Amino acid sequence: MRIVIKIGTSTLAHKTGRINIRRVEKLCKVISDLKNQGHELIMVSSGAIGMGVGKLSLQGKPDDIPTKQAAAAVGQCELMYIYDKLFSEYNHTVAQILVTDADIECDERRTNFENTMRRLLELGAIPIINENDSIATAEIVIGDNDTLGAIVAKNLQADLLIILSDIDGLFTADPHKDNNAVLLHTVSEITSEIEEMTGGSVSGLGTGGMTTKLKAAKIVTESGTDMVIANGDDPDILYDIVDGKDIGTRFIAKGKA
Ligand code: GLU
């Protein structure tokens, strides 16, 4: 299978913005093992701004654009340094690709991106993609990595997009506020009722929330790719998701339902 795994800041970093070493070590181990099984793995990793915040000892996520972009520039290095180091332990090679919306909108640049991605996969590397936060401006910003993950999965005809976050999946109501909220295991159609279930929740250093995850689910399911939202607390969960077990919320691709 060709699998895109999107990892949110809340999975990668502690609330301080500093890396969650135990979690990221395990994540790289499991992803390496899935690759050893013969799957093609592509990562869409957030965490640049969050880790920049930690490394520069800033007081929380900055509001102004230059500080955010500076934090991303620092954090992206840290992120790739850690991935390179950890994947190397399992004899895997990582590759960094940073994109903006302008790269996806322009046919020529998107084709270049796809060609590079395909070649990296043929060469056995693990591409790690993020938005180029240090240069993206309002006009060319994709804005969140759930959407970026969906764009990548769609353009590379992935079999599965996995979104790892700090929530177990899609609930009928906000589980933090409503004790009766129930986890939906399978969604075969994104109805207006489902859309109403999503609050605007965003975790501390991250960007998305359920709204962007649903938007991502729409993009991929329409292009024939399944998507799973699951809790990234324990990266071992990836084995079960890839095995098709009932974990988190699975959005079934159109035509497969
Ligand atoms: N690109 C952002 C970062 O690396 C994250 C965007 C998101 O969390 O969706 O910090």
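Rules used in this analysis
The numbers attached to residues start from 1 for each chain and follow its sequence in the written order. For this predicted model, a pLDDT threshold of at least 70 governs which residues receive local features, and a threshold of 80 or more governs which side-chain atom pairs are given and counted, while totals over whole chains, interfaces and linings are taken from all residues. Hydrogen atoms and water are omitted, and side-chain values are computed over all heavy atoms in the structure. Throughout, near means a residue has at least one heavy atom within 4 Å of the molecule or strand. Residues adjacent in sequence count toward polar contacts only when both atoms are side-chain atoms; beyond that, a polar contact is any pair of N or O atoms within 3.5 Å, and within protein one must be able to donate a hydrogen and the other to accept it. A 1.4 Å probe and the Shrake-Rupley method give the accessible areas. Residues count as covered only by the protein chains that appear here. Each residue gets one of three labels, nonpolar for Ala, Val, Leu, Ile, Met, Phe, Trp, Tyr, Cys and Pro, charged for Asp, Glu, Lys and Arg, and polar for the others, Gly among them. What makes a salt bridge here is a side-chain nitrogen of Lys or Arg within 4 Å of a carboxyl oxygen of Asp or Glu, nothing more. Buried residues are those whose accessible area, probed at 1.4 Å on protein chains only, stays under 20% of the maximum for their type, while exposed residues exceed 50% and partly exposed ones sit between those limits. Only runs of H or I of at least four residues qualify as helices and only runs of E of at least two qualify as strands under DSSP, and these elements are numbered from the N terminus. Each nonpolar core is a collection of buried residues, namely Ala, Val, Leu, Ile, Met, Phe, Trp, Tyr and Cys, held together in the definition by side-chain atoms within 4.5 Å. Here a residue-residue contact requires only that any non-hydrogen atoms of the pair lie within 4.5 Å. Here the expected length of a helix is defined as 1.5 Å per residue gap, with one fewer gap than residues. Only strands that DSSP links by at least two bridges are regarded as paired with each other.

Draft legend 1. Layout of the site of the ligand. Residues in contact with the ligand amount to nine residues; listed here are only the nearest, Ala48, Ile49, Asn130, Asp133 and Asn145. Take alanine 48: an N or O atom from its main chain is 2.9 Å from an oxygen atom of the ligand. Burial of the ligand by the protein amounts to 96% of the accessible area it has alone, namely 300 Å². Residues that form the shell around the ligand fall into these classes: two nonpolar, five polar and two charged.

Draft legend 2. Looking closely at the pattern of salt bridges. Under the criterion given, the structure shown has 16 salt bridges. The partner of aspartate 103 in a salt bridge is arginine 109, and the shortest N-O contact between them spans 2.6 Å. Under the relative-accessibility criterion, arginine 109 is labelled partly exposed at 41%. Ionic pairing is found between aspartate 107 and arginine 110, a salt bridge with its closest N-O pair at 3.0 Å. Of this pair, aspartate 107 and arginine 110 both sit in helix α6 (residues 107–122), three residues apart, which is roughly one turn of the helix. For arginine 110, a relative accessible area of 21% corresponds to the partly exposed category. One connected set of salt bridges, linked through shared partners, spans Lys6, Asp146 and Lys213.

Draft legend 3. Structural view of unusual backbone geometry. At serine 57, a position not held by glycine, the phi torsion is positive, near 55°. With respect to the helices and strands, the residue serine 57 is situated in the loop between α3 (48–55) and α4 (65–89).

Draft legend 4. Here's a closer look at the nonpolar core. The biggest cluster of nonpolar side chains holds 38 residues, and the ones touching the most others in it are Ile129, Val152, Met227 and Phe251. Among the elements of the structure, β2 (40–45), β3 (94–99), α6, α7 (145–155), β5 (160–165), α8 (192–197), α9 (210–222) and β7 (226–231) are those that each provide at least two residues to this core. Beyond its immediate sequence surroundings of up to four residues, isoleucine 129 is in contact with Ile42, Met43, Val44, Ser45, Ile97, Val99, Phe113, Met117, Leu148 and Val152. Ile3, Leu41, Met80 and Ile241 belong to the second largest nonpolar core, which has 32 residues in total.

Draft legend 5. Region of interest: the side chain of asparagine 145. Here asparagine 145 lies in helix α7. One polar contact links asparagine 145 to serine 46, side chain to side chain, over a distance of 2.8 Å. The contacts of asparagine 145, once residues within four sequence positions are left out, are Lys6, Val44, Ser45, Ser46, Asn130 and Glu131.

Draft legend 6. Region of interest: α9. For α9, spanning 13 residues, the distance from its first C-alpha to its last is 18 Å, which sits close to the expected 18 Å at 1.5 Å a residue. Burial in α9 covers these residues: Met210, Thr212, Lys213, Leu214, Ala216, Ala217, Val220 and Thr221. Buried positions along α9 lie against α7, β5, α8, β7 and β8 (249–251). Of the residues flanking the end of α9, it is glycine 224, one or two places downstream, whose phi is positive at about 90°.

Draft legend 7. Layout of the pairing of strand β1 (residues 2–7). Of all the six residues making up β1, six are buried; the element is thus mostly covered by neighbouring parts of the structure. Of the two faces of β1, the one holding Arg2, Val4 and Lys6 and the one holding Ile3, Ile5 and Ile7 are both buried throughout. Bridge count for β1 against β2 is six bridges, and the pairing is parallel. Across the sheet, isoleucine 5 pairs through a bridge with methionine 43, a residue of β2. Where β1 and β5 come together, five bridges link them in parallel fashion. Considered in β5, the bridge of isoleucine 7 is made with leucine 164.

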